[in-house]
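Here's the letter readout for the chains.
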Amino acid sequence: QVQLVESGGGLVQAGGSLRLSCAASRTISPFNSLGWYRQAPGKQRELVARIISDGSTNYADSVKGRFTISRDNAKNIVYLQMNLLKPEDTAVYYCKASFSPLNYYWGQGTQVTVSS
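A short tour of the structure in this document, coming up. (Residues numbered from 1 in each chain as written. Predicted model: local features only at pLDDT ≥ 70, side-chain atom pairs only at ≥ 80, totals over all residues. Heavy atoms only, no water.)

Structural notes on the pairing of strand β7 (residues 67–72)
Thinking step 1. In terms of strand pairing, β7 meets strand β8 (residues 77–82) through 6 bridges, oriented antiparallel. By the bridge assignment, Thr68 is partnered in β8 with Gln81.
Thinking step 2. Joining the antiparallel neighbours β7 and β8 is a turn of 4 residues, in which Asn76 adopts a positive phi near 60°. (Pairing = 2+ DSSP bridges. Helix = DSSP H or I, 4+ residues; strand = E, 2+ residues; numbered from the N terminus.)

Next up, the structure:
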């Protein structure tokens, strides 16, 4: 079992920044991918950013150039730096750690609210 605990969410004005952290209860090195997803009210959960074991990254088009995902294997933490935040970024942000498409873990989520 793996516990993932997100933190760093909050209320911020449009144009501001937040850094989300996802702390894992075990080493994150073996995971094939680590990602951040978000779910806004009435919408499906969507991928925001993902970092693969080889270091490559994927971003949703809506956040490219504004968000950066990174990992600290020594601390077992995955970060999501969010800059130039927009009201449409408002959502609950979830961390996901995956060994495979059928073997993965979710965190409990952290709320991000961006006011206009």
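Some words on the pairing of β8
Regular strands place side chains that alternate from one sheet face to the opposite one.
Thinking step 1. With 5 of 6 residues buried, β8 lies mostly within the body of the structure.
Thinking step 2. Two strands pair when backbone bridges link them, and strand β3 (residues 18–24) and β8 are joined in this way by 6 bridges, in the antiparallel orientation. The partner of Arg19 across the bridge, within β8, is Gln81. (Buried < 20%, exposed > 50% of the residue type's maximum accessible area, 1.4 Å probe, protein only.)

Structural notes on the state of the cysteines
Thinking step 1. Across all of its chains, the model carries 1 disulfide by this definition.
Thinking step 2. Put simply, Cys22 and Cys95 are joined by a disulfide, and their sulfur atoms are 2.1 Å apart. Measuring handedness by torsion sign, the sulfur bridge of Cys22 and Cys95 sits at about -80° and is left-handed. Of this pair, Cys22 sits in strand β3 while Cys95 sits in strand β9 (residues 91–100), and the two are 73 residues apart along the sequence.
Thinking step 3. On the basis of relative accessible area, Cys22 is assigned to the buried category, the value being 1%.
Thinking step 4. For Cys95, a relative accessible area of 0% corresponds to the buried category. (Disulfide = S-S within 2.5 Å.)

Thoughts on unusual backbone geometry
Thinking step 1. For Asn76, which is not glycine, the phi torsion reads 60° and is therefore positive.
Thinking step 2. For Asn76, the location among the structural elements is in the loop between β7 and β8.
Thinking step 3. Its identity as a non-glycine residue notwithstanding, Leu84 has a phi of 50°, on the positive side.
Thinking step 4. Mapped onto the fold, Leu84 is located in the loop between β8 and β9.
Thinking step 5. Among the residues examined, Leu84 registers a relative accessible area of 52% and is labelled exposed.

Topic: the side chain of Glu6
Thinking step 1. Among the secondary structure elements, Glu6 is positioned in strand β1 (residues 4–7).
Thinking step 2. At 7.4 Å, Arg45 is the nearest oppositely charged side chain to Glu6, a buried residue that forms no salt bridge.
Thinking step 3. There is a polar contact of 2.7 Å between the side chain of Glu6 and the backbone nitrogen of Cys95.
Thinking step 4. Within the local environment of Glu6, its side chain forms a polar contact with the backbone nitrogen of Gly109, the two atoms lying 2.9 Å apart. (Lys, Arg positive; Asp, Glu negative; His and termini not counted. Salt bridge = Lys/Arg side-chain N within 4 Å of Asp/Glu carboxyl O. Polar contact = N/O pair within 3.5 Å; in protein donor to acceptor, adjacent residues only side chain to side chain.)

Some thoughts on the side chain of Thr110
Thinking step 1. With respect to the secondary-structure elements, Thr110 resides in strand β11 (residues 110–115).
Thinking step 2. Among the polar contacts listed, one links the side chain of Thr110 to the backbone nitrogen of Gly9, at a separation of 3.3 Å.
Thinking step 3. Those residues in contact with Thr110 that lie beyond four places of it in its chain are Glu6, Ser7, Gly8, Gly9, Leu20, Ala91, Val92 and Tyr93. (Contact = heavy atoms within 4.5 Å.)

A short note on the pattern of salt bridges
Thinking step 1. Scanning all chains against the criterion turns up 4 salt bridges.
Thinking step 2. Note that Asp89 and Arg38 form a salt bridge whose closest N and O atoms lie 2.9 Å from each other. Pair noted here: Asp89 is in the loop between β8 and β9 and Arg38 is in strand β4 (residues 33–39), with a separation of 51 residues, a long-range link.
Thinking step 3. What makes Asp89 buried here is its relative accessible area of 1%.
Thinking step 4. Overall, Arg38 belongs to the buried group, its relative accessible area being 6%.
Thinking step 5. Shared partners join several salt bridges into a network, and the residues in it are Arg38, Glu46, Arg66 and Asp89.

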